Amino acid sequence: MNFVFFDIECASVNKTSAKICVFGYVMCDEKFNIVKKEDILINPKGGFHLTDRKGSKGLVLPYQYSEFKNYPPFTKVYPFIKSLLENRDNVILGHSILNDVKYLNLETKRFKLPSFDFQFLDSQLMYMSYSGDFKKQCGLEHIANELGVEFTPHRAVDDAYATMKVVEALCKAEQCSFEGLVRLYGLCRGRIKNYCMYSPTSAGVKTYKKKVSEEKRERSQRRIEFFNYISRKKLKRGGRFYGKVFSFSKDLEDDTEFAKSLCDGIYDAGGRYTHRLIDCNYYVCADGDDTQRTESARNMPQITILNIEGFRDLLK
């Protein structure tokens with residue numbers, strides 16, 4: 001059994017196309033001894049329009065762009081890549097690999113080639129399982145720095161090599177073989193077949209997603225409870241808050257019983273509550289709240305922002 005770590009760079013990417021310009025891979029044995037290491041440069045048949053993961057301009061690949069026209073197109077290298085990735089004796093891995101599999105899928109559709117058919121694992125999921133942090137998806141450069149792996153970012157073969165070194169470092173940290181790592185983290189392979197892609201996952205990711213789903217359901221139930229409570233409140237004519245409209249941050253709304261007590265004070269003083277920022281005069285949030293809702297409220301000049309203590313002072 002051999003491991004094949006691969007990474008792809010594209011001249012441009014959008015929802016319907018990914019013009020691959022480099023396929024880099026490292027093949028090694030089960031002890032991470034390198035068998036072959038190669039960058040395959042490809043004529044993308046299109047110009048270079050590079051952006052980072054967030055869509056911002058400025059990403060620079062460590063290649064001479066003018067030379068790519070001298071290399072074969074994807075249709076010429078496709079047979080080799082397909083045989084490499086579909087060889088059942090090879091375990092296929094990458095970092096955030098579903099993106100690279102998507103690029104392969106888009107290129108096969110672009111050139112009307114048969115779909116790839118192989119299974120794969122993700123070093124990003126492995127690191128998340130190792131760190132126990134499933135909230136953020138760390139980039140390869142960050143993980144490599146954490147584990148002491150040196151490489152040149154965005155050179156495909158170096159990215160593939162760094163991915164291999166990350167997996168090797170995880171095996172050493174956990175004091176187990178690769179197969180032991182798979183069992184320890186409960187890793188499940190992703191797959192591409194018939195142009196359909198299925199994400200790799202792990203036991204930790206499944207548990208985290210279940211927890212997030214339950215928390216989301218509980219927040220939804222609390223919010224429904226809060227708004228049902230508000231809908232039953234009767235407006236009071238007169239009072240120092242008469243004609244004034246208040247709104248809270250989501251965190252305050254989620255603290256249902258506390259939010260109810262605050263609203264009691266608002267309605268007792270003749271005010272009312274709304275969830276719509278555009279309709280309110282006062283917005284209440286905790287100190288340090290930097291959520292999108294709170295930022296939106298700060299950008300509305302008609303709204304007075306209050307922290308909880310300021311709101312209590314206003315009630316007094």
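Note that the coordinates shown come from a computational prediction; the quantities given were computed from them, not determined experimentally. (Residues numbered from 1 in each chain as written. Predicted model: local features only at pLDDT ≥ 70, side-chain atom pairs only at ≥ 80, totals over all residues. Heavy atoms only, no water.)

**So, the overall build of the protein**
Next up, step 1: Looking only at helices and strands, one finds 11 helices and 11 strands in the protein.
Next up, step 2: Over its C-alpha atoms the protein spans a radius of gyration of 27 Å, topping by over 25% the 20 Å that the globule rule assigns to 316 residues.
Next up, step 3: Based on the C-alpha atoms only, the size of the protein along its principal axes is roughly 80 × 45 × 35 Å.
Next up, step 4: Here the protein holds 316 residues, and the buried ones make up 45% of them.
Next up, step 5: In the protein, the share of contacts with a sequence separation of at least 24, taken over all contacts with a separation of at least 6, comes to 66%.
Next up, step 6: Carbon and sulfur atoms form 48% of the exposed surface of the protein, whose accessible area is close to 16,900 Å².
Next up, step 7: Placing the 50 positive and 41 negative side-chain charges of the protein at their respective mean positions leaves the two points 7 Å apart. (Helix = DSSP H or I, 4+ residues; strand = E, 2+ residues; numbered from the N terminus. Rg over C-alpha atoms; globule rule 2.2 N^0.38 Å. Buried < 20%, exposed > 50% of the residue type's maximum accessible area, 1.4 Å probe, protein only. Contact = heavy atoms within 4.5 Å. Areas by Shrake-Rupley, 256 points an atom, 1.4 Å probe, with all protein chains shown as cover. Lys, Arg positive; Asp, Glu negative; His and termini not counted. Charge placed at Lys NZ, Arg CZ, Asp CG, Glu CD.)

**Some words on the pairing of strand β6 (residues 190–193)**
Next up, step 1: Burial along β6 is one-sided: G190 and I192 are buried, and none of R191 and K193, which face the opposite way, are.
Next up, step 2: Note: strand β5 (residues 118–122) against β6, three bridges, orientation antiparallel. Of the residues in β6, the one forming a bridge with F118 is I192.
Next up, step 3: Of the strand pairs in this sheet, β6 and strand β7 (residues 196–198) are connected by three bridges, and their pairing is antiparallel. Paired with K193 across the bridge in β7 is C196.
Next up, step 4: Between β6 and β7, which pair antiparallel in sequence order, lie two residues; one of them, N194, sits at a positive phi of approximately 50 degrees. (Pairing = 2+ DSSP bridges.)

**Section: the state of the cysteines**
Next up, step 1: Considering all chains together, one arrives at zero disulfides under this definition.
Next up, step 2: Of the cysteine sulfurs around C285, a residue in no disulfide, the closest is that of C280, at 11 Å. (Disulfide = S-S within 2.5 Å.)

**Topic: the confidence of the model for the protein**
Next up, step 1: When pLDDT is averaged along the protein, the result is 91; 97% of the residues meet or exceed 70.
Next up, step 2: Element-level mean pLDDT values for the protein span from 79 in helix α4 (residues 140–147) up to 98 in helix α1 (residues 74–86). (pLDDT = per-residue confidence, 0-100.)

**Here's the deal with the environment of N281**
Next up, step 1: Topologically, N281 is positioned in the loop between β9 (272–273) and β10 (282–284).
Next up, step 2: The spatial distance from the C-alpha of N281 to the C-alpha of G243 is 9.4 Å, given a sequence separation of 38 residues.
Next up, step 3: Contact partners of N281, with chain neighbours within four places excluded, come to G243, K244, V245, Q302, I303 and T304.

**Comments concerning the packing of helix α7 (residues 203–231) against helix α9 (residues 256–268)**
The packing of two helices is summarised by the inter-axis angle and the distance between the axes.
Next up, step 1: With their axes 10 Å apart at the nearest point, α7 and α9 run at an angle of 20 degrees to one another. As the angle between them shows, α7 and α9 are arranged roughly parallel. Relative to α9, the crossing made by α7 is right-handed. Along its contact with α7, which presents R222, E225, F226, Y229 and I230, the element α9 presents T256, E257, A259, K260, C263, D264 and Y267.
Next up, step 2: Looking at the contact of α7 with α9, its residues break down into six nonpolar, one polar and five charged. (Axes fitted to C-alpha atoms, helices over the stretch in contact; angles between N-to-C directions. Parallel < 35°, antiparallel > 145°, perpendicular 65-115°, else oblique. Left-handed = near helix turned anticlockwise from the far one by under 90°. Nonpolar A, V, L, I, M, F, W, Y, C, P; charged D, E, K, R; others polar.)

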